[in-house]
Amino acid sequence: YKFNQVKPGAVGGHELHHLLNQPKRYEVAEKDKSLLLMLQLLMNEGVPDLIDKKYAVAPNMPEDMQWGTYLLDLGKQNLPKVDGAIREIASGEKQYSSKEIKNQVTGMSGHVPGFYMADVIERNGLKKKLVSNMDNPFQIIHLYNKAARKDKAKPFVFSDEAIAYLKKVEAEAKTID
């Protein structure tokens, strides 16, 4: 972890988040399990990426370590895939396996586009709300959309169809103790 030499503790903070975070567990309909997995991946990596990955976009970071911009750009490009996957799941047009979610819809275990989504949320003043709701994976989409609508850069906004389905699944989801 050469990165840790430049910003001591940042990577450890990210990994500590994984050890300490205890998100709620949800029971959803069989057809929505891949959707829940996708949301969990986005939240599980997007939030802690604010601990370490934001330093990988800092101008004072050595050039060989400024790969955070690449992750942000890739996340921006991949968001329409997430929206499309939600709409396909909603219509019953496609069922995704966990492997397809991990390899075709999100990338790098959710870092892409999770980091981008968390970055948009943070720069629009909703980071505290994200952190206080990180036990609920549905919130990453809701908060991202709220932030994207405020953002001067006009980032991608999830479709009304995807948001409506997400709200339906969330309302029907049962938390497991």
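Below, the structure is looked at part by part. For clarity, every value in this text was computed on a predicted model and none was experimentally measured.

What counts and what doesn't
Residues numbered from 1 in each chain as written. Predicted model: local features only at pLDDT ≥ 70, side-chain atom pairs only at ≥ 80, totals over all residues. Heavy atoms only, no water. Helix = DSSP H or I, 4+ residues; strand = E, 2+ residues; numbered from the N terminus. Rg over C-alpha atoms; globule rule 2.2 N^0.38 Å. Buried < 20%, exposed > 50% of the residue type's maximum accessible area, 1.4 Å probe, protein only. Contact = heavy atoms within 4.5 Å. Areas by Shrake-Rupley, 256 points an atom, 1.4 Å probe, with all protein chains shown as cover.

Time to look at the overall build of the protein. Counting its regular elements, the protein contains 9 helices and 2 strands. For 177 residues, the compact-globule estimate of 2.2 N^0.38 gives 16 Å, and the protein sits close to it at 16 Å. With respect to the three principal axes, the spread of C-alpha positions in the protein is 45 × 35 × 30 Å. Among the 177 residues that make up the protein, the fraction classed as buried is 48%. If you take every contact in the protein between residues at least 6 apart in sequence, the share linking residues at least 24 apart comes to 76%. Accessible surface for the protein amounts to roughly 9200 Å². Of this, 52% is attributable to carbon and sulfur atoms.

For the peptide bond that leads from Val112 to Pro113, omega is 0°, which places it in the cis range. Structurally, the position occupied by Pro113 is in helix H6 (residues 111-123). Even without being glycine, Ser109 reaches a positive phi, approximately 60°. With respect to the helices, strands and loops of the structure, Ser109 is situated in the loop between helix H5 (98-105) and H6.

As far as function goes, none of this settles anything; it's purely spatial.
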